[in-house]
Amino acid sequence: MQAGIIALLLACTSLNLVAADKKTQLAKVPADSLQAINPNELRMHLEFLASDQLGGRYTLSPNFAVAAQYLATRLKSYGFKGAGENGSYMQNFEVITVKPDAPKSSLTATIAGQSADYAYGDFTNSGTRAGTFEGGVAFVGYGISAPRLNHDDYSGVDVKGKWVIIVRGAPKDVDPSKLKDEESGQEAAKAHGAIGLITVPTSTNFANNMKTDAFKQRVLQQESVRLAFNNDKKLPGVTLGPAIAEKLLAQMDLTFDTIAAKLKNGEPLASKALNASVKATIALNVATVRTQNVVATLDGTDPQLKDEYVTFSAHYDHLKTGVNGDIYHGADDDGSGTTSVLTIAHALAMHPPRRPVFIIFHAGEELGLLGSQYNTDDSPVIPLDKILVDLNIDMIGRSKAAGDTSEANKQLTDKDTIYLIGADKISAELNTISESTNAEFEKMKLDYLLNDPNHPDRIYFRSDHWNYAKHGVPIIFYFDGIHVDYHKPTDTVDKIDFDKMARVDRLVFETGWRIANLDHRLKKDAATATAVAAGANSR
Ligand SMILES: [Zn+2]
C-alpha cells in the first residue's frame, strides 16, 4: 500500500481534530480534496459556462436550461442526489414577465384641489398588479413599522385606503438587516391598510433623467420579472415623474435635493397625510415562464446528524443578450461562484463529511434574487431550520493589479484579499471558525468593509444569501468587489484570476468542511435566534 493511501485513511477515519477555541475541536481537512480545488478544474467549468457558444445565462433565455443540465450532470457524476421533486436535480418554479401596456394606462392626480391627467412616461408601473386603483396619498418616509426597534413611520398617520409614498433606505438608528419582511415595504404598507405604493425620484439627477425622451422610450420597453407565486396578494405600484412628485414633496417642504441629502445622512423623515389623491389605471402584458434552480444533496457519514445541512450556493444566471447582440458572459458574475461551488462539491464528494451537504445554484438572481426567494419564502427544498449555514459565493474571480488606481476598480480587492459579508451577523461562532480556518490555511486578507448593512452599496442585501439570512440562517457571502467589467459584456474568462479563485474556494471548502464535522450544531446568537423565531412564526 502507498503512503498516499495511508494519509488518506488517516484523514477519513480519525478526522484529526484541532482546537478553534478552548471548547470546540475543528476537523482536519483532507489534503486530496484541497488538491482537487485547483485553477485547471475551475477553468474547465468556467470556459464552458462563460462561453460565446452558451451565449450568456439569462434566466428567460432557452440556453439557460443547457447550463442547468451541465451542473446537474456534473453533480450526479460526483455522487450527489437530486433534491428536487422525484429526485430531480431541478427545482422548477414560475416567474411572470411584466411589460406595460402604455396606451391603455393612465393616471389622474388631484393635488391641493388641482386635477391633471398624465400619460404613461410621466408615471411608470413599478408593480405587478394591473387594474384601476384610486385613493388619497400619505407620505410615510422609509415606510418602516418596527416598534420593537423603536421606529414606526406609520404611527400618527392613517393610511387606510390610501397610496403611500415610501423612499428607499433606512434611518441611521435602524439596522435594515434586522428588519422582518412585514416591518417594511409592501408588507408593512399592506398591514396598515394602504391600497398601493408610490415611488418618487429622490435626487435631481434621477428627476432630470425621467424628463428625457430616452427614459420615456426605455420605460415603454421595460420588462420586469417577478415570482409568480402570491402575485395577486401584492399591492400595485407606480413611480411618479418629477412633474407630479415635486408638487407632492412640496407639501412636506421637501425638494429632490433636500430629500437626497436627508437619505444620504439617514435622517428621520416625518410622515404626513397629503392634500392629494391619485387614480391610476395600470394595464400590463403579463406572461408566465418556467425556470429552475439546480438542487442536490450529498449524504453525511453520521446518521445522527442527517437533519443538519451545510449549504453552498451561487447564482448560475446572468444578464440578457444586448439588442445589438452583445453577449453578457458573466465570467466573474457569477460564473466564478457557480464554477467554485461545483468544484467544492467535487472535493466534498471525495470524503463526505459527518453532516449532509446541500448544493443550490440559484436562477433569477439578476432579476431580484428570485430563485433564492422562491426556495426560502415559498417551497424550501430543505426546510430552513435544517440548514446550519449558507456559504454563498458571488464574484470572487477578479483581482486588482498592483498600481491600478482607476476609479472603476476602486472597490476591487487585490489577489490576496476577499470581502467577507455577514459572517458575524447571526452566529459569532461562524465568524470564529471562518477567521481561525483562514489563519490556519489560506491566510488571505479578509476585508469587512462591506459587512455593514448600512453601507451605501447595500451589498449585504444584494445576493442570494440575504434570503436565507432574513430567515435567521447564518451566512457568509464571499465577494471580490465591484470592478470595471461589472455587468458588462467585457466580464470575460481571460480576466479571471484562477489562482485567487482557487485560494478563496479552498477557504470556503475548509470552513464548510469544519462546520459539517463540528462536534455540536453551529451556534446561533441568542438575540438573533429569538427574533428570527418570532419572525418565522409570524410569516
Ligand atoms: Zn452576481
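This structure is a prediction, so every number in the text was calculated from the model and none was measured. Here the residue numbering is sequential within each chain, running from 1 through the sequence in written order. Given that the model is predicted, a residue must reach a pLDDT of at least 70 before its local features are reported, and side-chain atom pairs must reach 80 or more before they are shown or counted; all residues, however, enter totals for whole chains, interfaces and linings. Calculated side-chain values reflect all of the structure's heavy atoms, with hydrogen atoms and water omitted.

Section: the side chain of Gln91
Keep this limit in mind: Under the DSSP-based scheme used, a helix requires at least four consecutive residues in state H or I and a strand at least two consecutive residues in state E, with every element numbered from the N terminus. The term polar contact refers here to a pair of N or O atoms within 3.5 Å; inside protein, the definition further demands a hydrogen-donor-capable atom paired with an acceptor-capable atom, and it admits residues adjacent in sequence only when both atoms are side-chain atoms. Should any heavy atoms of two residues lie within 4.5 Å, those residues are considered in contact.
By the element assignment, Gln91 lies in strand S4 (residues 90–100). One polar contact links Gln91 to Asn375, side chain to side chain, over a distance of 3.0 Å. Within the structure, Gln91 has its side chain in polar contact with the backbone oxygen of Ser379 (distance 2.9 Å). Gln91 has contacts with Thr291, Gln292, Asn293, Val295, Ile360, Tyr374, Asn375, Ser379 and Val381, leaving out every residue within four places of it along the chain.

Remarks on the pattern of salt bridges
Going by this rule: Salt bridges are identified by distance alone: a Lys or Arg side-chain nitrogen within 4 Å of an Asp or Glu carboxyl oxygen.
In the structure shown here, the tally under the stated rule is 25 salt bridges. For Lys306, the salt bridge identified is with Asp307, shortest N-O distance 3.4 Å. Ionic pairing is found between Arg398 and Asp485, a salt bridge with its closest N-O pair at 2.9 Å. Residue Arg398 is located in the loop between strand S19 (387–393) and strand S20 (417–421), and its partner Asp485 is located in the loop between strand S22 (475–479) and helix H14 (498–516); the two are separated by 87 residues in the primary sequence.

Topic: the packing of helix H12 (residues 428–440) against H14
Stated formally: Whenever a helix is involved, its axis is fitted only over the stretch in contact; in every case the axis is a line through C-alpha atoms, and angles between N-to-C directions fall within 0 to 180 degrees. Angles below 35 degrees are treated as roughly parallel, those above 145 as roughly antiparallel, those between 65 and 115 as roughly perpendicular, and all remaining angles as oblique. Each crossing gets its handedness from the near helix: less than a right angle anticlockwise from the far helix is left-handed, clockwise is right-handed. Classes in brief: Ala, Val, Leu, Ile, Met, Phe, Trp, Tyr, Cys and Pro nonpolar; Asp, Glu, Lys and Arg charged; the others, Gly included, polar.
Where H12 meets H14, the closest approach of the two axes is 9 Å, and the angle between their N-to-C directions is 130°. By the angle between their axes, H12 is oblique relative to H14. The element H12 and its partner H14 pack so that their crossing is right-handed. On H14, the residues that touch Leu430, Ile433, Ser434, Thr437, Asn438 and Glu440 of H12 are Leu507, Glu510, Thr511, Arg514 and Ile515. Looking at the contact of H12 with H14, its residues break down into four nonpolar, four polar and three charged.

Some details on helix H4 (residues 64–78)
Defined as follows: Expected helix span is given by 1.5 Å per residue-to-residue step, counting one fewer step than there are residues. Each residue gets one of three labels from its accessible area relative to the maximum for its type: buried under 20%, exposed over 50%, partly exposed in between, using a 1.4 Å probe on protein chains only.
Over its 15 residues, H4 runs 22 Å from end to end, which matches the ideal 21 Å to within 8%, given 1.5 Å per residue. Turning to H4, its buried residues number three or more, namely Phe64, Ala67, Ala68, Tyr70, Leu71, Ala72, Leu75 and Tyr78. Packed against the buried residues of H4 are helix H3 (39–49), S4, strand S16 (284–298), helix H10 (331–350) and strand S18 (357–362). Among the residues trailing H4, Gly79 stands out with phi positive, at a value near 105°.

Some details on the sheet that holds strand S8 (residues 131–139)
By way of backbone hydrogen bonds, the strands of a sheet pair with one another, either parallel or antiparallel. Put simply, the rule is: Any two strands with at least two DSSP bridges between them are considered paired.
Across the sheet, which stays open at both edges, the eight strands sit in the order S6-S5-S15-S8-S11-S12-S14-S7 with mixed pairing between neighbours. With partners counted over all chains shown, the strands left at the sheet margins are strand S6 (114–119) and strand S7 (123–125), one partner each. Ignoring strand direction, the axes of neighbouring strands in this sheet form an average angle of 30°. Inspection of the sheet shows S8 paired to strand S11 (residues 162–165) by four bridges, in the parallel sense. When the sheet's bridge partners are listed, Phe139 is paired in S11 with Ile165. Lying over the sheet, helix H8 (residues 242–250) contacts strand S5 (106–111), S6, S11, strand S14 (237–240) and strand S15 (272–282), oriented at roughly 25° with respect to S5.

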